[in-house]
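# A look at the structure
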Amino acid sequence: QVHLVESGGGLVQAGDSLRLSCVASGRAYHVGWFRQAPDKEREFVAGITSTGSQPFYADSVKGRFTISRDTAKNTVYLQMNSLKPEDTAVYYCAAGWDLRAGWGRREKYDYWGQGTQVTVSS
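Starting from 1, residues in each chain are numbered consecutively following that chain's sequence as written. Totals for whole chains, interfaces and linings use every residue, but because this is a predicted model, local features are given only for residues with pLDDT of at least 70 and side-chain atom pairs only at 80 or more, for both listing and counting. Working from all heavy atoms in the structure, the side-chain values ignore hydrogens and water.

Moving on to the pairing of strand β8 (residues 75-80). The buried fraction of β8 amounts to five of the six residues, a majority that puts the element mostly inside the structure. Here, any two strands with at least 2 DSSP bridges between them count as paired. Only DSSP runs of H or I reaching four residues or more are called helices, and only runs of E reaching two or more are called strands; each is numbered from the N terminus. By the bridge criterion, six bridges tie strand β3 (residues 18-24) to β8 in an arrangement that is antiparallel. Each bridged residue has a counterpart across the sheet, and for Leu 18 the counterpart in β8 is Met 80. Pairing analysis gives six bridges linking strand β7 (residues 65-70) to β8, with the strands arranged antiparallel. When the bridges of β8 are listed, Thr 66 appears paired with Gln 79. Categorising residues by exposure relies on relative accessible area from a 1.4 Å probe, with only protein chains included: less than 20% of the type maximum marks a residue as buried, more than 50% marks it as exposed, and the intermediate range marks it as partly exposed.

See the structure below:
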């Protein structure tokens, strides 16, 4: 069993930065960040392997977001720079072990956090 807790969301202006944290209990899994805007499907944002050796990003956030992992603290971070209003969403972290079918496949993740709201004003 893995318990995930996100934090770090908030209200910022366009161009600002935020850092989200996802603290995980239990064994180390691969971790993905997803986001869901109102009336939209939950979409993959970024992911990182269990060892932190390899990150993955959605095209929409490449160059602006950075995912990292502190294995000693069981924490995965999502540094979000140059935020845009279209980044507004609830951000979720998720943990999974077999993601060979694709990091963006929501059904392949075994555990989900409760989400943290990010709102970017123009």
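Let us keep going from here.
Planes of paired rings set the category: under 30 degrees apart is stacked, over 60 is edge-to-face and the rest tilted, where pairs are Phe, Tyr or Trp rings (Trp by its six-membered ring) whose centres lie within 6.5 Å. Counted by the stated rule, this structure contains seven aromatic pairs. Consider the rings of Tyr 29 and Tyr 111, whose centres lie 5.7 Å apart with planes at 85 degrees: the pair is edge-to-face. Note that Tyr 29 is positioned in the loop between β3 and β4 (30-36) and Tyr 111 in strand β10 (residues 111-112), a separation of 82 residues in sequence. Side by side, Tyr 29 and Tyr 111 carry an identical accessibility label, which is buried. With a centroid separation of 5.0 Å and 85 degrees between ring planes, the pair formed by Phe 34 and Tyr 109 is classed as edge-to-face. Taken together, the positions of Phe 34 in strand β4 and Tyr 109 in the loop between β9 (89-96) and β10 put the pair 75 residues apart, joining distant regions of the chain.

This brings us to the state of the cysteines. Disulfides are defined in this document as cysteine sulfur pairs within 2.5 Å. Inspection of the entire model under this criterion finds one disulfide. Between Cys 22 and Cys 93 runs a disulfide, and the two sulfur atoms are separated by 2.1 Å. Of note, the bridge from Cys 22 to Cys 93 carries an S-S torsion of about 65 degrees and is right-handed in sense. With a gap of 71 residues between them, Cys 22 in strand β3 and Cys 93 in strand β9 connect regions that are remote in the sequence. The residues Cys 22 and Cys 93 share a single accessibility class, namely buried.

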